[in-house]
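The residues making up each chain are set out below.
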Amino acid sequence: MPICIECRCRVKTLYTTYSKADDRALGKGVRLTQCPNCKRFADKYVEHDFVVLFIDLVLIKPQVYRHLLFNRLGRDDDKFDRSIVRLGVLLLLFDVYLTWARIEKLSLPLTSPHRLTYSLSNHEPATNAALLEAQPLVLQYLFFLLLVVSSTLAFHLPIRLLCSINPARIRKGWGRKVWRRLIPYYPHPTPLSTALLVSSCTKLFPILLIIWEYDLPSSATAVSWAVIVNNIAALEILMDCGYLRAGVLVGVGAGLRTAIANFVLKGVGLGTGWGDGTAGLGDVDSLVGVWRAVSSWVGKVMGKR
Ligand SMILES: [Zn+2]
């Protein structure tokens, strides 16, 4: 059953069609339902196109998340909507490209045997690219695909698992109280993953990299932070659980994702960027980098360099 995106009150329908001849997308022949509770339109986004949805999504408007998660992509049979599967694949492939471009530029670990030979013969500091380029292209692609798939699973699965634990089953005492305070109970894993995927749309932003060339590691960091903020907002809006609990969930997921990615990279002898200011989310240096990237980008957009 759809909900009113303003007050979460349940409504029977979102609109009524009174003339079959007209197209719903044109907004003719359709009357939006007025919410009986708050007297506003139950879901104004029914009439809006994808561009408006995307902009409001990036601006983290709770209404657009409610529209997508409850009224458009929510299903009763606990299966993924087909458009979410497509979005998931798109995000995955895009992530492969971005991760590849970012990891390639990181410096090799100090202990790597390739570091010295490369630096001596090329007279420049060795990056991960030195090690990667020695492998066939297909193998490189498969490696990054595997890396991205495993880090995505490491992000989604812990969040789904934590939310599926019923606090009533935890032994009574302070443990249960702390659990209740920190982890929401939400035994529907599919909407959780849908919320995380929809809110990761910001990941598509670096498509601008094709137009403007700028500092890639810093912009990757900026995008990672924006995605994290969006993820927290989406979980909060889906479960109505407060920002603390949504933040804890996303924190656990993002932590495990970073751990798994670093484990895989270290396993094949590539540098992870930790400690040299080029890590995915980490240290103060990368935050300074974010600021530089944003200001240089704004500068370029405004046309003054
Ligand atoms: Zn309402």
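Residues numbered from 1 in each chain as written. Predicted model: local features only at pLDDT ≥ 70, side-chain atom pairs only at ≥ 80, totals over all residues. Heavy atoms only, no water.

Identification of the protein as Protein ARV from Lojkania enalia is taken from an unreviewed UniProt entry.

Engineer: Would you mind going over the overall build of the protein with me for this structure?
Structural biologist: Helix and strand content of the protein: 11 helices and 2 strands. Overall, the protein shows an N-to-C arrangement of helices and strands of β-β-α-α-α-α-α-α-α-α-α-α-α. Each of the 305 residues in the protein was classed as buried or not, and the buried ones make up 41%. In the protein, 63% of the contacts between residues at least 6 apart in sequence involve partners at least 24 apart. (Helix = DSSP H or I, 4+ residues; strand = E, 2+ residues; numbered from the N terminus. Buried < 20%, exposed > 50% of the residue type's maximum accessible area, 1.4 Å probe, protein only. Contact = heavy atoms within 4.5 Å.)

Engineer: I tried to follow a nonpolar patch on the surface on my own but got confused; where do I start?
Structural biologist: Taken together, the side chains of Phe80, Val85, Val89, Leu93, Val138, Tyr141 and Leu142 present a nonpolar region at the surface, about 610 Å² in accessible area. Among the secondary structure elements, those contributing two or more residues to the nonpolar patch are helix H3 (82–104) and helix H6 (137–164). Under the relative-accessibility criterion, tyrosine 141 is labelled partly exposed at 33%. (Patch = residues over 30% accessible without salt bridge, like charges linked within 9 Å, V, L, I, M, F, W, Y side chains within 5 Å. Areas by Shrake-Rupley, 256 points an atom, 1.4 Å probe, with all protein chains shown as cover. Salt bridge = Lys/Arg side-chain N within 4 Å of Asp/Glu carboxyl O.)

Engineer: When you look at the coordination of the zinc ion in this model, what are you seeing that I'm missing?
Structural biologist: Metal coordination angles have textbook ideals: 109.5 degrees for a tetrahedral set of four donors and 90 or 180 degrees for an octahedral set of six. Taken together, the protein donors to the zinc ion comprise Cys4 (SG), Cys7 (SG), Cys35 (SG) and Cys38 (SG), at separations of 2.3 Å. Seen from the zinc ion, its 4 donor atoms lie at angles of 106 to 117°, and the figure they make is tetrahedral. By relative accessible area, which is 0% here, cysteine 4 ends up buried. (Donors = N, O, S within 2.8 Å, 3.2 Å for Na, K, Ca; no water. Tetrahedral: all angles 85-135°; square planar, octahedral: opposite > 155°, others 65-115°.)

Engineer: Any chance you could explain the side chain of asparagine 230 here in plain terms?
Structural biologist: As for its position among the elements, asparagine 230 is in helix H9 (residues 216–239). Here the side chain of asparagine 230 touches alanine 226 through a polar contact of 3.0 Å, landing on its backbone oxygen. In this view, asparagine 230 contacts Leu57, Val58, Ile60, Tyr65, Ser199 and Thr202; residues no more than four positions away in its chain are not counted. (Polar contact = N/O pair within 3.5 Å; in protein donor to acceptor, adjacent residues only side chain to side chain.)

Engineer: What is the right way to read the environment of aspartate 81 from this model?
Structural biologist: Its place among the elements puts aspartate 81 in the loop between helix H2 (62–72) and H3. Sequence spacing of aspartate 81 and proline 191 is 110 residues, and the spatial spacing of their C-alpha atoms is 9.8 Å. Leaving out residues up to four positions away in the same chain, aspartate 81 has contacts with Arg72, Leu73 and Arg75. A distance of 2.6 Å separates a polar atom in the side chain of aspartate 81 from a polar atom in the side chain of serine 83.

Engineer: Please explain the pattern of salt bridges as it appears in this structure.
Structural biologist: Pairing is possible between side chains of opposite charge, provided their charged atoms come close. Tallied over the full model, the rule gives 3 salt bridges. The shortest N-O distance in the salt bridge between arginine 40 and glutamate 6 comes to 3.6 Å. Placement of the pair is arginine 40 in the loop between strand E2 (30–32) and helix H1 (50–58) and glutamate 6 in the segment before strand E1 (15–17), with a sequence separation of 34 residues. Among the ionic pairs, aspartate 95 bridges to lysine 203, the shortest N-O distance being 3.3 Å.

Engineer: How should I be thinking about the side chain of asparagine 128 in this particular structure?
Structural biologist: Position of asparagine 128 relative to the elements: it lies in helix H5 (residues 128–132). Judged by its relative accessible area of 0%, asparagine 128 is buried. A polar atom in the side chain of asparagine 128 sits 2.8 Å from the backbone oxygen of isoleucine 103. Contact partners of asparagine 128, with chain neighbours within four places excluded, come to Ile103, Glu104, Leu106, Ser107, Leu108, Leu270 and Gly271.

Engineer: How should I be thinking about the UniProt feature "transmembrane region" (unreviewed entry) in the protein in this particular structure?
Structural biologist: Residues annotated by UniProt as "transmembrane region" (unreviewed entry) correspond here to residues 84–103 and 141–163. The span residues 84–103 is 100% helix and 0% strand, and its two end C-alpha atoms sit 27 Å from each other. As a span, residues 141–163 carries 100% helix and 0% strand, and end to end its C-alpha atoms are 34 Å apart. (UniProt positions renumbered as here; feature names shortened; annotations may be inferred.)

Engineer: Hey, could you run me through the nonpolar core in this one?
Structural biologist: By size, the foremost hydrophobic cluster in this structure holds 36 residues, and its most contacted members are Leu235, Met239 and Leu249. If you list the elements that add at least two residues to this core, you get H1, H2, H3, H6, helix H8 (189–199), H9 and helix H10 (243–267). The dominant element in this core, judged by the number of residues it contributes, is H9, at 7 residues. In this structure, this core is formed jointly by two domains, domain 1 (1–77) and domain 2 (79–302), each of which donates at least three residues. If near-sequence neighbours (up to four positions away) are discounted, leucine 235 is found in contact with Ile159, Leu192, Ala195, Leu196, Asp240, Cys241, Ala246, Leu249 and Val250. (Core = buried A, V, L, I, M, F, W, Y, C linked by side-chain atoms within 4.5 Å. Domains from an automatic or database assignment.)

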